[in-house]
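Breakdown of the fold
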Amino acid sequence: MELLKKTATQQHEALINKEVSAKELVQASIERIEKLDNTLGAFNSTTFDFALETAKKVDEKIAKNEKIPPLAGIPLALKDNMNLKGAKTTCSSKILENFISPYDATITTKLKQNLVPILGKTNLDEFAMGSSNENSAFKPVKNPYNLSKVPGGSSGGSAACVASSEVTLSLGSDTGGSIRLPASFCGITGFKPTYGRVSRYGLVAFASSLDQIGPFARSIEDTAYLYEAIAGYDEKDSTSLKLEVGDVSGNIKKDIKGLKVGVIKELMTEGVSDDVKTSIENAIKTFEKLGATIKEISLPLLKHSIGVYYIVATAEASSNLARFDGVRYGYRAQNCENLLDMYCKTRAQGFGPEVKRRIMLGTYALSSGYYDAYYKKAQQLRRLIANDFIEAFKEVDILVSPTCPTTAFDLNSKADNPLEMYLTDIATISSNLVGAPALSMPVGFDKDSMPVGLQVIAKPLDEITLLKSAYNLEQELQVYNSRPNI
Ligand code: GLN
């Protein structure tokens, strides 16, 4: 069905004009998943019955000529670290392989209120730790533009299923770039809102001071609608912001004359491939053409962001993952001699190598004697990096850079080299450290026809300026209409 490749906004039009029913749309999405996903590996599990039930409710409303929410009936997938009651939440880990969620995440409750059919749970790097989706305990995800390349991670499944038109929308989580990097590698839009905008209740925690849920979509307009559907204060998340989200979708179409765009100097030089640079420079020129002014901005402490992140994120992860001990839920090792033996065997057998590496690193950074040298230092640097951003946003409205210095790399090419893998996040990590909203949008292709993503960052809480700038650029460039031949 051609309609599956269209944006959510176009699908909504088709639904309310009765050109197609929600049931037909969801059925087409199911058929595409059944046909493609053995090859792609984007889904860990599916929830087709639930999606069809939701579609039925939407069709009943349309039949009665009732108004439906903008995303009602639009096929969506959830990253498999967010809870949907009655469905598995595995985090792509053996330790949760058979875990069935007893409750809904807040984002799930909101999607249900908006009558959005959820078609399944998407593959990820185990516990969202990775940049290529190769750390899944079950299977890797392939890039829909080239099946021998990675889709990016950790939300690789959520990016690949939208890029390949298995579904129209999905949600991912972003701790250091896990929405933006896969969006960039798969040629779609991925958006990490300001920290605290979207409730983390029901998201399996990786690094609680950095984690944020956000949308994947094929257009900025769809991104804005999905963001509006999931954002807002939630008393179940103590870091949730008690602030109005505002009318985002209603404001993105305004022009950007006079917008001040800062180009991050440090991210335009070292290691940036020529093709990426060309597409990014073209996007910057397009901003200028649309009436924006361009300025180079230096963020001298940015080079420390990966080091800071791998102390803070692993410290928080080592604490968050302590709950997986074989006692309350998840996998439990058999034939154990005593309680300690059971803990050790459960965790040794249940966690994969990257998760273990991070638990060890984080435990080390937090241990007495090392805490001041590593964890405290990292927190101090985190503040200084945030100060650099505060200063930058006194001069410009948005900051731009490549989302990643390169396009998608080959499967297995970095899997044995964790340090090299960590470096892929050089451009994305700092917005998590600072809590700023940031997105990746497609702005071109390299010589092998792999997508190039532009990162746009705004100051905390300024989602409207961010999405408005991105919308204007998107409409001028028209790259967002490209789809892979799969
Ligand atoms: N790639 C980063 C990591 O491995 C970021 C992951 C994420 O954002 N969840 O930790």
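Below you will find a few notes about this structure. (Residues numbered from 1 in each chain as written. Predicted model: local features only at pLDDT ≥ 70, side-chain atom pairs only at ≥ 80, totals over all residues. Heavy atoms only, no water.)

**Some points on the overall build of the chain**
Tallying secondary structure elements over the chain gives 15 helices and eleven strands in all. Relative to the globule expectation of 23 Å for 486 residues, the C-alpha radius of gyration of the chain, 21 Å, shows essentially globular dimensions. Taking the principal axes of its C-alpha atoms as reference, the chain extends roughly 65 × 50 × 45 Å. Buried positions account for 62% of the 486 residues belonging to the chain. Restricting to contacts in the chain with at least 6 residues of sequence separation, those with at least 24 account for 76%. Here the chain carries 56 positive and 57 negative side-chain charges, and the mean point of each set is 3 Å from the other. (Helix = DSSP H or I, 4+ residues; strand = E, 2+ residues; numbered from the N terminus. Rg over C-alpha atoms; globule rule 2.2 N^0.38 Å. Buried < 20%, exposed > 50% of the residue type's maximum accessible area, 1.4 Å probe, protein only. Contact = heavy atoms within 4.5 Å. Lys, Arg positive; Asp, Glu negative; His and termini not counted. Charge placed at Lys NZ, Arg CZ, Asp CG, Glu CD.)

**Brief notes about the nonpolar core**
In terms of nonpolar packing, the biggest core is built from 95 residues, with F287 and L454 touching the most fellow members. A per-element tally of this core places helix α2 (residues 22-40) first, with seven residues. What F287 contacts, discounting residues up to four positions off in sequence, is I256, L259, V261, A292, I294, I398, V400, L454, S469 and L473. Listed in part, the 49 residues of the second largest apolar core include F99, A128, F324 and A392. (Core = buried A, V, L, I, M, F, W, Y, C linked by side-chain atoms within 4.5 Å.)

**Structural notes on the site of the ligand**
Among the 15 residues in the neighbourhood of the ligand, the closest are listed as G176, S178, Y309, R358 and D425. A distance of 2.9 Å separates a nitrogen atom of the ligand from a polar side-chain atom of S131. R358 has a polar side-chain atom sitting 2.7 Å from an oxygen atom of the ligand. Counted by class, the shell around the ligand contains five nonpolar, seven polar and three charged residues. (Near = heavy atom within 4 Å. Polar contact = N/O pair within 3.5 Å; in protein donor to acceptor, adjacent residues only side chain to side chain. Nonpolar A, V, L, I, M, F, W, Y, C, P; charged D, E, K, R; others polar.)

**Details of the side chain of N123**
Within the element layout of this structure, N123 appears in the loop between β3 (118-122) and α5 (156-163). A polar atom in the side chain of N123 sits 2.8 Å from the backbone oxygen of K139.

**Some details on the sheet that holds strand β5 (residues 189-192)**
With respect to topology, eleven strands assemble into an open sheet ordered β1-β3-β2-β4-β6-β5-β10-β11-β9-β7-β8, the strand pairing being mixed. In this open sheet, the two strands that pair with only one neighbour each are β1 (43-46) and β8 (293-297). Here the strands of the sheet are splayed against their neighbours by 30° on average, with no regard to which way each runs. Here β5 pairs with strand β10 (residues 438-445) via three bridges, running antiparallel. Paired with F191 across the two strands is L439, which belongs to β10. Here helix α7 (residues 220-230) sits on the sheet and contacts β2 (76-79), β4 (169-174), β5, β6 (212-217) and β10; the angle it forms with β6, its principal contact strand, is near 145°. (Pairing = 2+ DSSP bridges. Axes fitted to C-alpha atoms, helices over the stretch in contact; angles between N-to-C directions.)

**Description of the packing of aromatic side chains**
By the definition in use, this model includes 16 aromatic pairs. Between the aromatic rings of Y310 and Y422, the centroid separation amounts to 3.9 Å while the plane-to-plane angle is 15°, which identifies the pairing as stacked. Of this pair, Y310 sits in helix α9 (residues 305-320) while Y422 sits in helix α13 (residues 418-423); the two residues are 112 residues apart in sequence, bridging distant segments of the chain. As far as burial versus exposure is concerned, Y310 and Y422 are alike and both buried. Among the aromatic residues, ring-to-ring pairing joins F99, F127, F324, Y329 and F351 into one connected group. Sitting over the ring of F409, K414 keeps its end group 4.8 Å from the ring centre. (Phe/Tyr/Trp six-rings, centres within 6.5 Å; stacked < 30°, edge-to-face > 60°. Lys NZ or Arg CZ within 6 Å of the ring centre and 35° of its normal.)

**Description of helix α3 (residues 48-63)**
The end-to-end C-alpha distance of α3 is 22 Å, a good match for the 22 Å that 16 residues give at a rise of 1.5 Å each. Among the residues making up α3, those that are buried are F48, A51, T54, A55, V58, D59 and I62. Buried residues of α3, viewed axially, fall in a sector of 145°; they line one side. Exposed residues lying more than 90 degrees from the buried face of α3 are D49, K56 and A63. Buried-residue contacts for α3 involve α1 (8-16), α2, β1 and β3. Of the residues flanking the end of α3, it is N65, one or two places downstream, whose phi is positive at about 60°. (Expected span 1.5 Å × (residues − 1). Arc of directions from axis to C-beta.)

**Focus on the pattern of salt bridges**
Counted by the stated rule, this structure contains 18 salt bridges. Across the pair E66 and K61 runs a salt bridge whose closest N-O atoms are separated by 3.0 Å. Here K61 falls in the partly exposed class, since its relative accessible area comes to 27%. The shortest N-O distance in the salt bridge between E66 and K64 comes to 3.7 Å. (Salt bridge = Lys/Arg side-chain N within 4 Å of Asp/Glu carboxyl O.)

**Focus on the state of the cysteines**
What the rule picks out here adds up to zero disulfides. In this structure C344 is a free cysteine whose sulfur lies 9.3 Å from that of C336, the closest cysteine sulfur available. Assessed through its relative accessible area of 46%, C344 is described here as partly exposed. (Disulfide = S-S within 2.5 Å.)

**With respect to α5**
Counting buried positions along α5 gives eight out of eight residues, so the element sits mostly inside the fold. Of the residues making up α5, those classed as buried are G156, G157, S158, A159, A160, C161, V162 and A163. Following α5 by one or two positions, S165 has its phi on the positive side, about 65°.

**A few points about the packing of α7 against helix α15 (residues 463-477)**
Relative orientation of the contacting elements α7 and α15 amounts to 155°, with a least axis distance of 9 Å. By the criterion of interaxial angle, the relationship of α7 to α15 is roughly antiparallel. Contact residues: I220, T223, A224 and Y227 in α7; E463, L467, A470, Y471 and E474 in α15. (Parallel < 35°, antiparallel > 145°, perpendicular 65-115°, else oblique.)

**Describing unusual backbone geometry**
Residue G153 is joined to S154 through a cis peptide bond whose omega torsion reads 5°. With a phi angle near 65°, S165 is a residue other than glycine that sits in the positive phi range. You can see S165 is positioned in the loop between α5 and β4. Even without being glycine, S449 reaches a positive phi, approximately 65°. Following the sequence through the fold, S449 ends up in the loop between β10 and β11 (451-458).

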